[in-house]
Amino acid sequence: MSPSLLFSLPGNGALASLLTRELGAVAGELEIRRFPDGETYVRYRTSVADRRVILLCTLDQPDAKFLPLMFCATAARDLGARSVGIVAPYLAYMRQDRRFHPGEAVTSSSFATLVSHCVDWLVTVDPHLHRIRSLSDVYSVPAVALQSAPLLAEWIIRNVERPLLIGPDMESEQWVASVAERSGAPFVTLGKVRHGDHAVDVTVPDLQRWSGHTPVLVDDIISTAGTMVTTLRHLSQLNQRPPVCVAVHGLFAGSAYDDLRRAGAAMIATTNSVPHSTNAIDLSRLIADGVTAVMPGEPH
Ligand code: R5P
């Protein structure tokens, strides 16, 4: 069977090169541009007829990226692709997974329905599964949720002396516990109450018995960084070693990165799910394995 074709949507070039190599795929050429009126133009410059197509598009800032991605997916089908899948290392719209207030849209399921209509499969990394237990609860196509915990653990073992892992809230326990198990480090989780997009309170337990350890904040997402900044402020009063922040997805909305630095983060490490200067943990091998497992026609 011919090798699969990987098309990188704008902004995904660095991971695309790594992933194309890991998969033994061929990099396809895709033209995407805007018409003067703001509408999107898409043209495949590599024929997709009878080929397995992989579209790589991480979905931070999803509203701008989603329509071009859907045009690419539906065009590939129209042009006779054998199958079309999306690799979205960061999968958007996983947090509004219920109606917290009357009248709200439950965007997790609306988004999943739209994506499921246009592709044959999806691969992502550590989606924010909290109240939604599994991607198959909302996605009707095969959707693989890969776990980056072993890679985070490996990075922490290599880079941090005597780590004490700290999950800023109960939601983060699934990630922090898994990283702790693999790195052999102790962990605690904090209590968090969110009052708004930027306003967060955390309760830090007595960490006295861990003095001499390096606090490592571990979370799935850094968005506004409010969660980590608030935690760092508490830690700064406890005379701990300079803290480290590790996250799967560094979205860094607005001044989040500078805010984290100012709050005392000595090191910040993220995976390359969203391109950023803090990317220190490569996901390409993990993603390649996930694609190989889900893409039709691949040996299982
Ligand atoms: C919350 O549910 C997530 O696990 C993260 O803690 C949260 O998304 C971080 O957001 P922010 O950086 O805006 O505090």
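Residues numbered from 1 in each chain as written. Predicted model: local features only at pLDDT ≥ 70, side-chain atom pairs only at ≥ 80, totals over all residues. Heavy atoms only, no water.

Q: Where do I start with helix α4 (residues 149-159) in this structure?
A: Each α-helix turn comprises 3.6 residues. Residues three or four places apart therefore point the same way. Among the residues making up α4, those that are buried are Ala149, Leu152, Ala153, Trp155 and Ile156. Down the axis of α4, the buried set is contained in an arc of 160 degrees. They therefore lie on one face. When the buried face of α4 is taken as reference, the exposed residues oriented beyond 90 degrees from it are Ile157 and Arg158. On the buried face of α4, the contacting elements are β9 (163-167), α5 (173-183), β13 (214-222), β14 (244-250), β15 (267-271) and β16 (279-281). (Buried < 20%, exposed > 50% of the residue type's maximum accessible area, 1.4 Å probe, protein only. Helix = DSSP H or I, 4+ residues; strand = E, 2+ residues; numbered from the N terminus. Arc of directions from axis to C-beta. Contact = heavy atoms within 4.5 Å.)

Q: Any chance you could explain the nonpolar core here in plain terms?
A: Generally speaking, a soluble globular protein has its nonpolar side chains buried in company with each other. Core analysis: the largest hydrophobic core is formed by 39 residues, its most contacted members being Tyr44, Leu55, Leu91 and Tyr139. For this core, the secondary-structure elements that each account for two or more residues are β1 (5-8), β5 (52-56), α2 (62-78), β6 (83-87) and α3 (107-118). A per-element tally of this core places α2 first, with seven residues. In this view, Leu55 contacts Phe7, Leu9, Tyr44, Leu69, Cys72, Ala73, Val84, Gly85, Ile86 and Val87; residues no more than four positions away in its chain are not counted. Listed in part, the 37 residues of the second largest apolar core include Val160, Val179, Val216 and Val291. (Core = buried A, V, L, I, M, F, W, Y, C linked by side-chain atoms within 4.5 Å.)

Q: Would you mind showing me how to read the sheet that holds β5 here?
A: Remark on secondary structure: sheet strands pair via backbone hydrogen bonds, oriented parallel or antiparallel. On the basis of which strands lie adjacent, the open sheet formed by six strands has the order β2-β1-β5-β6-β7-β8 and parallel pairing. On the outer flanks of this sheet lie β2 (26-27) and β8 (143-146), each paired with one strand and no other. Both β5 and β6 contribute to a ladder of five bridges, which runs parallel. Within β6, the residue paired with Val53 across the bridge is Val84. (Pairing = 2+ DSSP bridges.)

Q: Would you mind showing me how to read the site of the ligand here?
A: Around the ligand, a shell composed of 15 residues is seen, among which Glu171, Asp219, Asp220, Thr224 and Thr227 lie nearest. One nitrogen or oxygen atom from the side chain of Glu171 is found 2.6 Å from an oxygen atom belonging to the ligand. Take Asp219: an N or O atom from its side chain is 2.5 Å from an oxygen atom of the ligand. The fraction of the free accessible surface of the ligand (380 Å²) that becomes covered by protein chains is 95%. The set of elements that each furnish at least two residues to the shell around the ligand consists of β11 (191-194), β13 and α6 (226-236). For the shell around the ligand, the element with the most residues is β13, which contributes four residues. Of the residues contributing to the shell around the ligand, the split by class is three nonpolar, five polar and seven charged. (Near = heavy atom within 4 Å. Polar contact = N/O pair within 3.5 Å; in protein donor to acceptor, adjacent residues only side chain to side chain. Areas by Shrake-Rupley, 256 points an atom, 1.4 Å probe, with all protein chains shown as cover. Nonpolar A, V, L, I, M, F, W, Y, C, P; charged D, E, K, R; others polar.)

Q: Looking at this structure, how should I read the environment of Tyr44?
A: Following the sequence through the fold, Tyr44 ends up in strand β4 (residues 40-44). Judged by its relative accessible area of 12%, Tyr44 is buried. Spatially, the C-alpha atoms of Tyr44 and Glu31 are 6.3 Å apart, while their sequence positions differ by 13 residues. Dropping the residues within four chain positions of it, Tyr44 is found in contact with Phe7, Glu29, Leu30, Leu55, Cys72, Ala73, Ala75, Ala76 and Leu79.

Q: I would appreciate a short explanation of the sheet that holds strand β10 (residues 187-189) in the present structure.
A: The six strands are arranged β10-β9-β13-β14-β15-β16 in an open sheet whose pairing can be described as parallel. With one partner strand each, in any of the chains shown, β10 and β16 form the two edges of the open sheet. Looking at each pair of strands side by side, their axes are set apart by 35 degrees on average, direction ignored. One ladder, built from four bridges, connects β14 with β15; its direction is parallel. Within β15, the position partnered with Val246 by the bridge is Ala269. Against the sheet, α4 touches β9, β13, β14, β15 and β16, its axis set at about 155 degrees to β14. Relative to β13, α6 is tilted by about 165 degrees, and along the sheet it contacts β9, β13 and β14. (Axes fitted to C-alpha atoms, helices over the stretch in contact; angles between N-to-C directions.)

Q: Please explain the state of the cysteines as it appears in this structure.
A: For the coordinates displayed, the defined rule picks out zero disulfides. Left unpaired, Cys72 is separated from the closest cysteine sulfur, that of Cys57, by 8.2 Å. Under the relative-accessibility criterion, Cys72 is labelled buried at 0%. Looking at Cys118, it has no disulfide partner, and the nearest cysteine sulfur is the one in Cys72, 11 Å off. (Disulfide = S-S within 2.5 Å.)

Q: In this structure, what is going on with the pattern of salt bridges? I would like to understand it.
A: Where charged atoms from two side chains of opposite charge approach closely, those side chains can pair. Going through the model one piece at a time under the given rule, you end up with twelve salt bridges. Between Glu31 and Arg45 there is a salt bridge, with the nearest N and O atoms lying 2.8 Å from each other. Here Arg45 lies in the loop between β4 and β5 and Glu31 lies in strand β3 (residues 30-34), a separation of 14 residues in the sequence. Here Asp120 and Arg77 are joined by a salt bridge, their closest N and O atoms 2.9 Å apart. In this pair, Asp120 sits in the loop between α3 and β7 (121-125) while Arg77 sits in helix α2, placing the two residues 43 residues apart along the sequence. (Salt bridge = Lys/Arg side-chain N within 4 Å of Asp/Glu carboxyl O.)

Q: Looking at this model, I keep getting lost on the packing of aromatic side chains. Mind explaining?
A: The relative placement of two aromatic rings is captured by the distance of their centres and the angle of their planes. For the structure shown, the criterion picks out five aromatic pairs. Their ring planes at 85 degrees and their centres at 5.7 Å tell us that Phe35 and Tyr41 sit as a pair that is edge-to-face. Aromatic side chains Phe252 and Tyr257 sit 5.9 Å apart centroid to centroid with 85 degrees between the ring planes, which places their arrangement in the edge-to-face category. For Tyr257, a relative accessible area of 25% gives the class partly exposed. Lying across the ring of Phe35, Arg33 places its NZ or CZ 5.4 Å from the centre. The aromatic ring of Tyr41 is capped on one face by Arg33, whose charged end is 4.5 Å from the ring centroid. (Phe/Tyr/Trp six-rings, centres within 6.5 Å; stacked < 30°, edge-to-face > 60°. Lys NZ or Arg CZ within 6 Å of the ring centre and 35° of its normal.)

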